[in-house]
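Topology and contacts: notes
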Amino acid sequence: MVVLAKSLEDRIDESQKLGLQVIKESEDDRLMTLNVGPQHPGSGHFRFTVKVDGDYIVYADPDPGYVHRGEEKMCEYRNFIQNIPHLERPVIHDSTNITYSYSLAVEELVGIQVPRRGQFIRAIASELNRQVYTLYWLAIYGIFLGHSTMFMWPTGDRELFIDLLEALTGARVTHAFNIPGGVRNDIPNGFKDRCLRQIAYFEKRLKEYEDIFYNNPLLRQRTEGVGILTKEDAIKLGVTGSVLRASGIPYDIRKAEPYDIYNEIDFKVQYMKTGDSFARSYVPFLDMRESCHIMRQLLDKMPESGEVRSKLQPNPKGAPGEAYRRVESGRGALGYYIISDGTPKAYRVKISVGSFRNMLALPYLLVGAKLGDMPSIYWSLNYWPVEADR
Amino acid sequence: MNQSTENRSNSNFQSSSLAKSKTDTQAKNEPESSFEKKLVSEITSKFGDNVKVSYIRPLRMKIIVNQEYIVEIATFIRDSLGFDHAESVAGTDYPKDNKIEVIYHLGSYSRDDLAGHILALATHTSRDDARLPTLMNVFKSVEYHERETFEMLGVYFEGHNRNERFLLPEDWADIPPLRKEFRIKGR
Amino acid sequence: MASTPEEFRFGNFVGSLIWLILIVLIIISLVGLPIIFVILFYVPLPPVNGEILTPYLFLSMMVDPTRTLPIIKFLIHTHLFKLVVFPGFTFAALLAAATIFIERKFLAKMQLRVGPLYVGKVEGILQLAADGLKLISKEIIIPSGSDKPIFWASPVAFVAAAAAVTALIPVAPGWVVANISVGLLAVFAILGFFPLIALLFSWASNSKYPFIGGLRALHQMIAFEIPFFLSALSVVILAGSLNLTDIAKAQHPFWFIFFLPISAFVFFISSLAELERVPFDLPEAESEIVAGWLTETSGMIYGLLQLGTYVKLYALAALFVVLFLGGWAGPQIFPQELIPGYTGEKIYNPVTVNAIFWFTVKTFGVIMLFLLPRGINPRIRIDILLHTGWYKLIVLSFINMFVALALIYGGVLGPGGLLTR
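Being a predicted model, the structure only gives us computed values, none of them experimental.

1. Overview of the overall build of chain C
Looking only at helices and strands, chain C features 18 helices and two strands. Counting only residues that meet the buried cut, chain C has 37% of its 421 residues in that class. By sequence separation, contacts in chain C at least 24 residues apart represent 76% of the contacts at least 6 residues apart.

Below you can see the structure in the form of structure tokens.
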């Protein structure tokens, strides 16, 4: 906590000497409580209470739950296949990745292998969806900092990736594409060329993003040195994803625990060492660039033909036991802990999402920051309120 | 039901993709999951019978401990083994055995060789008087997870600073929703 | 019995229109014309151009419209016309409306959008009118516990203050509403009202976010008003006058921006801050304090504040033109006679029209420069803003003041200088 007024008693004594009527002021009267969200333009489906002393935030308390759907409870009532469409609701912009680790965990329980071509298509869809999510995130980060062009450009370029995903999966946002055993369908004709063209275009655009946004001196002034999360604190708070990598820990599930095809892909884990708001906003950008690189390799190495899905029995039963599988989503590690009791329905599903873990860092970073830094700290945490609530 | 969880045989996993990725990344001539066994044996040698090993698989380990020793064992895991954060805290309700199992999935950022490993630290408490000591002082990262477990399963974490509502509506006046006797309407 | 709608027939429609026109004509001839004649007979009217307005003259005007020219000429030289129409409020408001439209299209082009497109067929030209109608028709919500008189009065005062600034701006030689000898001082005095209005309004709103926004507006404007004055001071040193017409005339061969580029820069930055435009839109920072001091506005209260903001934008751009870009100066491009061989009463003055043209062109150029940062910059933080205002811009404006003094004492400019004509 920031130290407040030096002494209230002193001031009261002064006014008594002057013969004024004293209204006793408490520490809380000095502070103004601001309710950020859920109607605030800078919050999303989320509320946090901040108390400000002048321009400094002295207290912050997140209050999620406005979009809590009880996904974990719902999973206990549906069988493994029925769960997929509703499980992608928490983060529809990253819907392939949130069903990816679910599929991995169910495959482990059911004991099936994904065909090689299916693994590649999964990874392509996952990378495309990561771009979609990160562009959306970047657009909101832009408008949170008052940069309206950075809102429009990523939103526009995101459309192109959505078109690609639509060609691949048939749906624009909620794909339900990953299923236990592989993917729903094969890639359409000409998809590879279209994808490569889009990647080439997008890499050009990324340079423009960097010029207008990340190299803007006003942005740097505003975000550098703001809300620093040190390496030790990042480990202690257990943050994940870009927030962790911005604090100097090159940790990526795709490298740490390569799932499916990722151990054949050559890529670097992007990280920065400063741990400030700028680094947290720049790491996803670097990830997008690296993701283009990964997608090129995936398209290059993908087998020309083959099965995309291994056959499942109509109502698959999991072997009694449990599985915990993770993937790297747009917001970091996304894990599913599934306990099966041998029936077609899961006994317990726990979704460990990156947003929920990153939320713990929010009050720590906000306290002591200025009110003007609130949006840049909040959104740089790569926090998706709907995902955190599940 | 819970026994079957623990009796999960290792052979099921030979075919899984997890085992495959493991053999690709680690040295191939090494016996399966010997590193994990070594890790777990460090805990069992220190705490003996208080730790029950549930399973050891490539990259995944699960130990079940008694709730009296959980803080001590968690501190040992943090300080000596290098698992420095909790990824999730999952509570599971077992009405047949009249107990609630709380699992801490612990991971490590500081040790590179533990990057893909998850140590599941499980403990049990009675359903009627669900109380557990908090691990907040050992792993700071469990703060919100434990708070969520409190409201979803009604497990009171002793020593936790805020055992209160988190995700549910402010006027929630029903039993904790992840307990098995809570039924979704119409299902 | 349920009423059935009558079948539409075009003939009926035209017929009803003709009936309407007939009725209007009858009412005019039976009521309107007698009233006019009564006024013309019994009310003494001022002589126009040596002639007294008589019914005969009035009737002859209907036959020969050129005879109305003296009256028009008389009218456009009255104070009321200058105040209300040109170069006063209507001119400023029209330019402000054009600015809003151009801003939307210009930003849309920068951001790979289309902007307003459908209203009015041609590139959404009527979008602004539609928005205005919408604002007028919306309910004005007054927050409970607000200070109602101040809440109502502030938007009006805001527009009035903005319009008062435009009254001091000379658009062409002789075309200024108030040609006072301390014009520049008056401009600054009126600009000092804006933070007060913002603070009063935010206080009257009885809400936290507007209050923070109002305080931010106050801080920001105080921090930037001093470099604002100082940068204009070097212009005053060179021109030797506070009268804006004199200042514009003093830049006859060389505009002041060539001698005082740093002052112009400081003036431009300070104007951005005065206008609360990106990157200085802290008082309205959306993601931090909802909409700042405009949070509780609704309906036409919001409309008036927006109108005032854009009129103010025009006023400051025009002030920049007068102080640094030589006012209305520019090459004569309009012909001496609009209709060759016409010998009657002349209302067309080529010099004035030329001046107005160049003034408007320059003003729009500066307005475009004001709009540009919105597309490329994020918002800055209050401490950086205060630091910029107090530490950097004040020092910068002093640099050019010494340049101005050196130019005067070195005999380059000023009375009898090398470059003075």
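2. Regarding the overall build of chain B
Tallying secondary structure elements over chain B gives five helices and seven strands in all. Listing each helix as α and each strand as β along chain B from the N terminus yields α-α-α-β-β-α-β-β-β-β-α-β. In chain B, of all internal contacts separated by at least 6 residues, the share reaching a separation of at least 24 is 57%.

3. Examining the interface of chain A and chain C
If you look at the interface, chain A gives 27 residues, while chain C gives 24 residues. Going through the elements one at a time, β1 (32-36), α7 (148-169), α9 (217-223) and α16 (374-380) of chain A are the ones with two or more residues in the side of chain A that touches chain C. A total of five residues in the side of chain A that touches chain C trace back to one element, the largest contributor, which is α7(A). Residues belonging to the side of chain A that touches chain C are distributed by class as follows: 13 nonpolar, ten polar and four charged.

4. Examining the confidence of the model for chain B
Per-residue pLDDT for chain B averages 79, and the proportion of residues at 70 or more is 82%. Scored below 50 in pLDDT, residues 1-30 of chain B shows 43 contacts in the model against residues more than four places distant or in partner chains.

5. Comments concerning helix α5 (residues 89-110) of chain C
Residues and elements named next belong to chain C. Over its 22 residues, α5 runs 31 Å from end to end, which matches the ideal 32 Å to within 8%, given 1.5 Å per residue. Residues Phe 89, Phe 91, Ala 92, Leu 95, Ala 96, Thr 99 and Glu 103 constitute the buried set of α5. Buried residues of α5 fall within an arc of 140° about the axis and therefore sit on the same side. The inward-facing, buried residues of α5 contact α4 (79-84), α7 (148-167), α15 (299-324) and α16 (350-371).

6. Quick notes on the sheet that holds strand β5 (residues 118-126) of chain B
Strand pairs in the sheet, formed through backbone hydrogen bonds, run parallel or antiparallel to each other. Residues and elements named next belong to chain B. The sheet built from five strands is open, its strands ordered β1-β2-β5-β4-β3 with mixed pairing. In the strand order of this sheet, the two ends are held by β1 (51-57) and β3 (85-94), each with one partner. Each neighbouring strand pair of the sheet contributes to a mean axis angle of 20°, computed without reference to strand direction. In this structure, β3 lies alongside strand β4 (residues 99-107), joined through nine bridges in antiparallel fashion. The residue bridging Ala 90 from the neighbouring strand is Ile 103, located in β4. Those strands touched by helix α3 (residues 34-47) are β1 and β2 (60-65), and its axis lies near 180° from that of β1. Running over the sheet, helix α5 (residues 143-153) touches β3 and β4 and is turned about 10° from β3.

7. Examining α7(C)
Its 20 residues place the ends of α7(C) 29 Å apart at the C-alpha level, agreeing with the 28 Å of an ideal helix rising 1.5 Å per residue. If you follow the buried residues of α7(C), they end up packed against α4, α5, α8 (183-191), α9 (193-204) and α15 of chain C.

8. Considering the sheet that holds strand β7 (residues 332-340) of chain A
Residue and element names in this part refer to chain A. As summarised here, the arrangement of the three strands in space is β6-β7-β8, forming an open sheet in which the pairing is antiparallel. Every interior strand has two partners, whereas the edge strands, β6 (321-329) and β8 (346-352), have only one. Ignoring which end each strand starts from, the neighbouring axes of this sheet average 15° apart. The strands that helix α5 (residues 95-110) touches are β6 and β7; relative to β6, the one it contacts most, it runs at about 150°.

9. Quick word on the environment of Leu200(C)
With respect to the secondary-structure elements, Leu200(C) resides in helix α9. In this structure, Leu200(C) is in contact with Ile150(C) and Ser154(C), ignoring residues within four places of it in sequence.

10. Details of the confidence of the model for chain C
For chain C, per-residue confidence averages 84 on the pLDDT scale, and residues scoring 70 or more make up 94% of the total. On the interface metric, ipTM, the complex scores 0.83, and its pTM is 0.84.

11. Description of the interface of chain B and chain A
Residue-level contacts link 39 residues of chain B with 43 residues of chain A. Among the secondary structure elements, those contributing two or more residues to the side of chain B that touches chain A are α1 (2-6), α2 (17-25), β3, β5 and α5 of chain B. A per-class count over the side of chain B that touches chain A returns 16 nonpolar, 15 polar and eight charged.

12. A look at the environment of Thr44(B)
Residue and element names in this part refer to chain B. The residue Thr 44 is located in helix α3 in this model. For Thr 44, a count of 15 C-beta atoms within 10 Å corresponds to the partly exposed category. The spatial distance from the C-alpha of Thr 44 to the C-alpha of Ile 63 is 9.3 Å, given a sequence separation of 19 residues.

13. Description of the pairing of β6(A)
Both faces of the sheet carry side chains from a regular strand, because those side chains alternate between them. Residue and element names in this part refer to chain A. Where burial is concerned, most of β6 is hidden: nine out of the nine residues are buried. Judged by which residues are buried, β6 turns out to be covered on both faces: Gly 321, Ala 323, Arg 325, Val 327 and Ser 329 on one side and Glu 322, Tyr 324, Arg 326 and Glu 328 on the other are all buried. Across nine bridges, β6 lies against β7 in antiparallel orientation. Residue pairing for β7: Arg 326 is matched across the bridge by Gly 335. Taken together, β6 and the strand that follows it, β7, pair antiparallel across an intervening segment of two residues.

14. A few points about the packing of helix α6 (residues 127-137) of chain C against α15(C)
The angle between the axes and the distance between the axes are what describe a pair of packed helices. Residues and elements named next belong to chain C. Interhelical geometry of α6 versus α15 gives an angle of 135° and a closest axis separation of 6 Å. When the axis of α6 is compared with that of α15, the two are oblique. Facing α6, whose interface residues are Gly 132, Leu 135 and Ile 136, α15 presents Gly 299, Met 300, Tyr 302 and Gly 303. Partitioning the contact of α6 with α15 into residue classes produces four nonpolar, three polar and no charged.

15. What about the pairing of β7(A)?
Residue and element names in this part refer to chain A. Here β7 lies mainly inside the structure; nine of its nine residues are buried. In terms of strand pairing, β7 meets β8 through six bridges, oriented antiparallel. Each bridged residue has a counterpart across the sheet, and for Ser 340 the counterpart in β8 is Ala 346. Where β7 hands over to β8, the hairpin turn is made up of five residues, of which Gly 342 adopts a positive phi near 90°.

16. Describing the arrangement of the chains
Of all two pairs of chains sharing an interface, the pair with the highest contact count is chains A and B. Contact between chain B and chain C is absent, and the least distance between their C-alpha atoms amounts to 24 Å.

17. Examining unusual backbone geometry
Residue and element names in this part refer to chain C. Here the bond from Phe 86 into Pro 87 is cis, since omega is 0°, no more than 30 degrees from zero. Along the chain, the position of Pro 87 falls in the loop between α4 and α5. Geometrically, the link from Val 278 to Pro 279 is a cis peptide bond, its omega value of 5° lying close to zero. Relative to the elements of secondary structure, Pro 279 occurs in the loop between α13 (261-274) and α14 (286-289). A positive phi angle, close to 60°, is found at Leu 112, a residue other than glycine. Within the fold, Leu 112 resides in the loop between α5 and α6. Residue Leu 112 is classed as exposed on the basis of its C-beta count, with 12 C-beta atoms lying within 10 Å. For Glu 276, which is not glycine, the phi torsion reads 55° and is therefore positive. Among the structural elements, Glu 276 can be located in the loop between α13 and α14.

18. Some details on the environment of Leu164(A)
Residues and elements named next belong to chain A. Position of Leu 164 among the secondary structure elements: in helix α7. In this structure Leu 164 comes out as buried when scored by C-beta crowding, with 21 C-beta atoms within 10 Å. Separated by 85 residues in the primary sequence, Leu 164 and Asn 79 place their C-alpha atoms 30 Å from one another. When residues no more than four places from it in sequence are discounted, the contact partners of Leu 164 are Leu 128, Arg 194, Cys 195 and Gln 198.

19. What about the packing of helix α10 (residues 208-239) of chain C against α13(C)?
Residues and elements named next belong to chain C. At a minimum axis distance of 8 Å, the contact between α10 and α13 shows a crossing angle of 150°. With respect to α13, the element α10 is oriented roughly antiparallel. Handedness of the α10/α13 crossing: left-handed. The segment α10 lies against α13, with Gln 220, Met 221, Phe 224, Pro 227, Phe 228, Ser 231, Ala 232, Ser 234 and Val 235 engaging Ser 263, Val 266, Phe 267, Ser 270, Ala 273 and Glu 274. Residues that form the contact of α10 with α13 fall into these classes: nine nonpolar, five polar and one charged.

Criteria and thresholds
- In this convention, every chain numbers its residues from 1, walking through the sequence in written order.
- Chain A is the first chain written and ligand 1 is the first ligand written, with later ones labelled in order.
- At least 70 in pLDDT is required for a residue's local features to be given in this predicted model, at least 80 for side-chain atom pairs to be given and counted, and no such filter applies to totals for whole chains, interfaces and linings, which use all residues.
- Helix and strand labels come from DSSP, where a helix needs a run of H or I of at least four residues and a strand needs a run of E of at least two; each type is numbered from the N terminus.
- A residue is called partly exposed when the number of other C-beta atoms within 10 Å of its own lies between 12 and 20, exposed at 12 or fewer, and buried at 20 or more, with C-beta atoms placed from the backbone.
- By definition, residues are in contact whenever their C-beta atoms, placed on the basis of the backbone, come within 7 Å of each other.
- Each residue gets one label: Ala, Val, Leu, Ile, Met, Phe, Trp, Tyr, Cys and Pro are nonpolar, Asp, Glu, Lys and Arg are charged, and the others, such as Gly, are polar.
- Per-residue confidence from the predictor is reported as pLDDT, which spans 0 to 100.
- What a helix is expected to span follows from its residue count: subtract one and scale by 1.5 Å.
- As used here, the arc is the angular range of directions from the helix axis to the C-beta atoms.
- Pairing between strands requires that DSSP locate at least two bridges from one strand to the other.
- Structural elements are reduced to axes, namely lines fitted to C-alpha atoms, with helices fitted over the stretch in contact, and the angle between N-to-C directions of any two is expressed from 0 to 180 degrees.
- Geometric relationships in this document are graded by angle, where less than 35 degrees denotes roughly parallel, more than 145 denotes roughly antiparallel, 65 to 115 denotes roughly perpendicular, and other angles denote oblique.
- In this scheme the handedness of a crossing depends on how the near helix is turned from the far one: anticlockwise by less than a right angle means left-handed, clockwise means right-handed.

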